[in-house]
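Next come the chains, spelled out residue by residue.
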There are 2 protein chains.
Amino acid sequence: MTALAETPADAFDSPFLQSLVSLIRAEDSYGAWEKRSDARLIEDFIVTRAEKRAMPMMADPDPDTIDRVEKFYKAVGLTIEKRCGLMASPMMKISHEGFGRVVLLVGRLVAFSKSLRDVHRFGFEDFETLAAEGMKAVDQAIALIETHPDVAKI
Amino acid sequence: MTALAETPADAFDSPFLQSLVSLIRAEDSYGAWEKRSDARLIEDFIVTRAEKRAMPMMADPDPDTIDRVEKFYKAVGLTIEKRCGLMASPMMKISHEGFGRVVLLVGRLVAFSKSLRDVHRFGFEDFETLAAEGMKAVDQAIALIETHPDVAKI
């Protein structure tokens, strides 16, 4: 919820960040955020190390935080779909303690699977890291889809 | 939540019903249900057509009902594991309206996938139907695991 000053144009060229921004803009039915920059729209995904340290781990993760985790993996799924034409649907399971698992299902293939920890503190150091982490998940999924296209296309 | 009179012994021989009963008994840490018959333990899974018709579809599905849906698919997963030695983890997503999806993941394979509707009215006509539906899901998953063992074992 900082890091707005040093916005690098190239992170926003990443297909993942473009998907993420388009998902958020799609929810803006009344055009209230129309004049907001892309960076402003996703600034809440940026949580610096110092901010994380200051966050309490008590109680349930904030619903807004869980919503951001969901959006992140939806954007990964959308980017996968744009790349290979197959729909990737996310499924998520998060306990009250902030632990859980997220998967992206493509046909009958679990194209991506990750254990979640510390969901309370979900966020990325800067826009480059956010873009890089998203693209890393996309690349992992695409690699598995290419190895098992028969299962992904069921 | 009737049908107790005509309990057939053979439905309870089904590996699925045995898994379901063992899951429920495992939760009974204080032995409060020790003297209850298996049929009593799972009687809430039996909802006759007439009972379903009488159920309101308003508001969110009852948490106890969602808990039963989860137990059903956990028992399917447990039976799959007993049969082929691979762990099957269920993931479920249910909307407030009682629609959703449940999957059973074995390695990187979506061994079972089903859309859920009318979760409010989840239940089976009698114990035979409950056992048969559980075994049907197990058989479907096992068939897919046998077709794609490489993905199931990742």
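Residues numbered from 1 in each chain as written. Chains lettered and ligands numbered in written order. Predicted model: local features only at pLDDT ≥ 70, side-chain atom pairs only at ≥ 80, totals over all residues. Heavy atoms only, no water.

1. Remarks on the nonpolar core
Counting residues in each nonpolar core, the largest one holds 86 residues, and the members touching the most others are Ile42(A), Leu130(A), Ile42(B) and Leu130(B). Residues in contact with Leu130(A), not counting those within four places in the same chain, are Phe16(A), Leu17(A), Leu20(A), Ile42(A), Phe45(A), Ile46(A), Phe72(A) and Phe124(A). Val103(A), Leu105(A), Val103(B) and Val110(B) belong to the second-largest nonpolar core, a separate cluster that totals 8 residues. (Core = buried A, V, L, I, M, F, W, Y, C linked by side-chain atoms within 4.5 Å. Buried < 20%, exposed > 50% of the residue type's maximum accessible area, 1.4 Å probe, protein only. Contact = heavy atoms within 4.5 Å.)

2. A short note on the relation of the copies chain A and chain B
Taken as rigid bodies, chain A and chain B are interconverted by a rotation of 180 degrees and an axial shift of 0.0 Å, the fit giving an RMSD of 0.0 Å. Seen this way, the second copy is the image of the first under a two-fold rotation axis. Residues of chain A ranked by C-alpha distance from the rotation axis are headed by Leu109(A), positioned 2.6 Å from it. Take the interface residues of chain A: 100% of them recur as interface residues in chain B, which is what a same-surface contact looks like. (Least-squares fit on C-alpha atoms with pLDDT ≥ 70 in both.)

3. Focus on helix H1 (residues 15-26) of chain A
All names here are of chain A. An ideal rise of 1.5 Å per residue puts 16 Å on 12 residues; H1 measures up with 16 Å between its terminal C-alpha atoms. If you check which residues of H1 are buried, you get Phe-16, Leu-17, Ser-19, Leu-20, Val-21 and Ile-24. Check the buried side of H1 and you find it contacts helix H2 (38-41), helix H4 (63-84) and helix H5 (127-147). (Helix = DSSP H or I, 4+ residues; strand = E, 2+ residues; numbered from the N terminus. Expected span 1.5 Å × (residues − 1).)

4. Some details on unusual backbone geometry
If you check the backbone angles, Asp118(A) has positive phi at about 50 degrees while not being a glycine. For Asp118(A), the position within the fold is in the loop between strand S3 (109-116) and H5.

5. A look at the interface of chain A and chain B
The interface is formed by 20 residues belonging to chain A together with 20 residues belonging to chain B. Where chain A abuts chain B, roughly 1,600 Å² becomes buried across the two surfaces, and 60% of that area is made up of carbon and sulfur atoms. When the buried area of chain A at its contact with chain B is split by residue, Met91(A), Arg108(A) and Val110(A) rank highest and sum to 39% of it. Where chain A packs against chain B, one counts 0 salt bridges. Our count for the contact surface shared by chain A and chain B stands at 6 residue pairs in polar contact (both at pLDDT 80 or more). Going through the elements one at a time, strand S1 (89-94), strand S2 (100-106), S3 and helix H6 (149-152) of chain A are the ones with two or more residues in the side of chain A that touches chain B. In the side of chain A that touches chain B, the residues fall into 12 nonpolar, 4 polar and 4 charged. (Buried area = accessible area lost by both parts, 1.4 Å probe. Salt bridge = Lys/Arg side-chain N within 4 Å of Asp/Glu carboxyl O. Polar contact = N/O pair within 3.5 Å; in protein donor to acceptor, adjacent residues only side chain to side chain. Nonpolar A, V, L, I, M, F, W, Y, C, P; charged D, E, K, R; others polar.)

6. Some words on the packing of helix H4 (residues 63-84) of chain B against helix H5 (residues 127-147) of chain B
All names here are of chain B. Between H4 and H5, whose axes approach to 9 Å, the crossing angle comes to 50 degrees. It follows that H4 is oblique to H5 by the angle criterion. The two elements H4 and H5 cross, and the hand of that crossing is right-handed. Contact residues: H4 offers Phe-72, Val-76, Thr-79, Ile-80, Arg-83 and Cys-84, while H5 offers Leu-130, Glu-133, Gly-134, Met-135, Ala-137, Val-138, Asp-139, Ala-141, Ile-142 and Ile-145. Partitioning the contact of H4 with H5 into residue classes produces 11 nonpolar, 2 polar and 3 charged. (Axes fitted to C-alpha atoms, helices over the stretch in contact; angles between N-to-C directions. Parallel < 35°, antiparallel > 145°, perpendicular 65-115°, else oblique. Left-handed = near helix turned anticlockwise from the far one by under 90°.)

7. Quick look at the confidence of the model for chain A
Here chain A averages 90 in pLDDT, and 94% of its residues register 70 or above. Among the scores for the predicted complex, ipTM is 0.86 and pTM is 0.88. (pLDDT = per-residue confidence, 0-100.)

8. Examining the pairing of S1(A)
Residue and element names in this part refer to chain A. Here S1 pairs with S2 via 6 bridges, running antiparallel. Looking at S2, one finds that Lys-93 is bridged to Arg-101. Connecting S1 to the antiparallel partner S2 that follows it, the hairpin turn spans 5 residues, and Gly-98 within it adopts a positive phi of roughly 90 degrees. (Pairing = 2+ DSSP bridges.)

9. Observations concerning the packing of aromatic side chains
According to the stated counting rule, one finds 14 aromatic pairs over all chains in the structure shown. Here Phe16(A) and Phe72(A) contribute two aromatic rings whose centre-to-centre distance is 5.0 Å and whose plane-to-plane angle is 65 degrees, an arrangement assigned as edge-to-face. Within this pair, whereas Phe16(A) is found in helix H1, its partner Phe72(A) is found in helix H4, the two being separated by 56 residues in sequence. Across this residue pair, the class does not change: Phe16(A) and Phe72(A) are buried. Here Phe122(B) and Phe124(B) contribute two aromatic rings whose centre-to-centre distance is 5.2 Å and whose plane-to-plane angle is 85 degrees, an arrangement assigned as edge-to-face. Here Phe122(B) matches Phe124(B) in class, with each residue buried. Ring pairs connect the aromatic residues Phe16(A), Phe72(A), Tyr73(A), Phe112(A), Phe122(A) and Phe124(A), which therefore count as one cluster. (Phe/Tyr/Trp six-rings, centres within 6.5 Å; stacked < 30°, edge-to-face > 60°.)

10. Quick look at the environment of Met87(A)
All names here are of chain A. Position of Met-87 among the secondary structure elements: in the loop between H4 and S1. Of the residues examined, Met-87 reaches a relative accessible area of 55% and is grouped as exposed. In this structure, the C-alpha to C-alpha distance between Met-87 and Val-106, residues 19 residues apart in sequence, is 6.0 Å. Discounting residues that sit within four places of it in the chain, Met-87 has contacts with Glu-81, Leu-105, Val-106 and Gly-107.

11. A few points about the pattern of salt bridges
As a working rule, side chains carrying opposite charge can pair if their charged atoms are close by. Residues and elements named next belong to chain A. According to the stated counting rule, one finds 16 salt bridges over all chains in the structure shown. Taking the shortest distance from any N to any O, the salt bridge between Glu-125 and Arg-49 comes out at 3.9 Å. In this pair, Glu-125 is assigned in the loop between S3 and H5 and Arg-49 in helix H3 (residues 49-54), connecting sequence segments 76 residues apart. In this structure Glu-125 comes out as partly exposed when scored by relative accessible area, which is 30%. Its relative accessible area of 59% is what places Arg-49 among the exposed residues. The residue Lys-136 makes a salt bridge to Glu-133 at a minimum N-O spacing of 3.6 Å. Taken together, the residues span about one helical turn, with Lys-136 and Glu-133 both in helix H5 at a distance of 3 residues.

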